[in-house]
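The lines below spell out each chain.
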Amino acid sequence: MPDPKNDDQETLKVNILKVDGKRVRFVNSLKALLILNESEEAPMMRVLAKQVGVSAAALTKIVDGLQDQGFLKRQRIGDRRKIQLVITPKGRKFAKSIT
C-alpha cells in the first residue's frame, strides 16, 4: 500500500508499471533493477541477462523501458559494442522503496 506522505514513491511505482503491460516483463524489470542496485560494479548487458534469466533480446526491451523511465542508463566502455548498465539515483530510490 502506498504511503500517502510519499508521493514520489507512488509516482515511481506507476512509472515502472509503464515498462510493459505483461506481468513477466514487469517482474523481470524489477529483478533487473534490484540486481543493479545490489551490484558493486555496473554489469555488462550479457551478464545481467544471465542473472535475470532472460535472453539478450528480452533484456534489451527491459532495459529500454527502465531507461525511458529514468531508472538506469547505458554506458559504453572501450569497444563500442560493450555496454555497462548504471542505476540512476531515481532507480536506487525506487529499489530501496520496494526492499
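Source: prediction; values computed, not measured.

Analysis parameters
Residues numbered from 1 in each chain as written. Predicted model: local features only at pLDDT ≥ 70, side-chain atom pairs only at ≥ 80, totals over all residues. Heavy atoms only, no water. Helix = DSSP H or I, 4+ residues; strand = E, 2+ residues; numbered from the N terminus. Buried < 20%, exposed > 50% of the residue type's maximum accessible area, 1.4 Å probe, protein only. Contact = heavy atoms within 4.5 Å. Areas by Shrake-Rupley, 256 points an atom, 1.4 Å probe, with all protein chains shown as cover. Axes fitted to C-alpha atoms, helices over the stretch in contact; angles between N-to-C directions. Parallel < 35°, antiparallel > 145°, perpendicular 65-115°, else oblique. Nonpolar A, V, L, I, M, F, W, Y, C, P; charged D, E, K, R; others polar. Arc of directions from axis to C-beta.

(A) Representation of the overall build of the protein within the structure. For the protein, the helix and strand inventory stands at 5 helices and 2 strands. The N-to-C order of helical and strand elements in the protein reads α-α-α-α-β-β-α. Taken across its 99 residues, the protein has 37% of its residues classed as buried. Here the analysis covers contacts within the protein between residues at least 6 apart in sequence; of these, 49% occur between residues at least 24 apart. Accessible surface computed for the protein: about 6500 Å², of which carbon and sulfur atoms make up 51%.

(B) Looking closely at the packing of helix H3 (residues 45–52) against helix H4 (residues 56–68). Contact pair H3 / H4: the axes reach a minimum separation of 9 Å and the direction vectors enclose 100 degrees. Considering the angle they form, H3 stands roughly perpendicular to H4. Touching Met 45, Leu 48 and Ala 49 of H3 are Ala 56, Leu 59, Thr 60 and Val 63, all from H4. Residues belonging to the contact of H3 with H4 are distributed by class as follows: 6 nonpolar, 1 polar and no charged.

(C) Quick peek at the environment of Ala 57. Mapped onto the elements of the fold, Ala 57 is located in helix H4. Given the relative accessible area of 55%, Ala 57 is considered exposed. Measuring from C-alpha to C-alpha, the distance between Ala 57 and Arg 46 comes to 9.9 Å, with 11 residues separating the pair along the chain.

(D) How the structure looks around H3. Of the residues making up H3, those classed as buried are Met 45, Leu 48, Ala 49 and Val 52. Axial view of H3: buried residues confined to an arc of 105 degrees, hence all on one face. Residues of H3 that are exposed and point over 90 degrees away from its buried face: Arg 46 and Lys 50. Just past H3, the residue Gly 53 takes up positive phi, approximately 90 degrees.

Shape is all these values report; function is a separate question.
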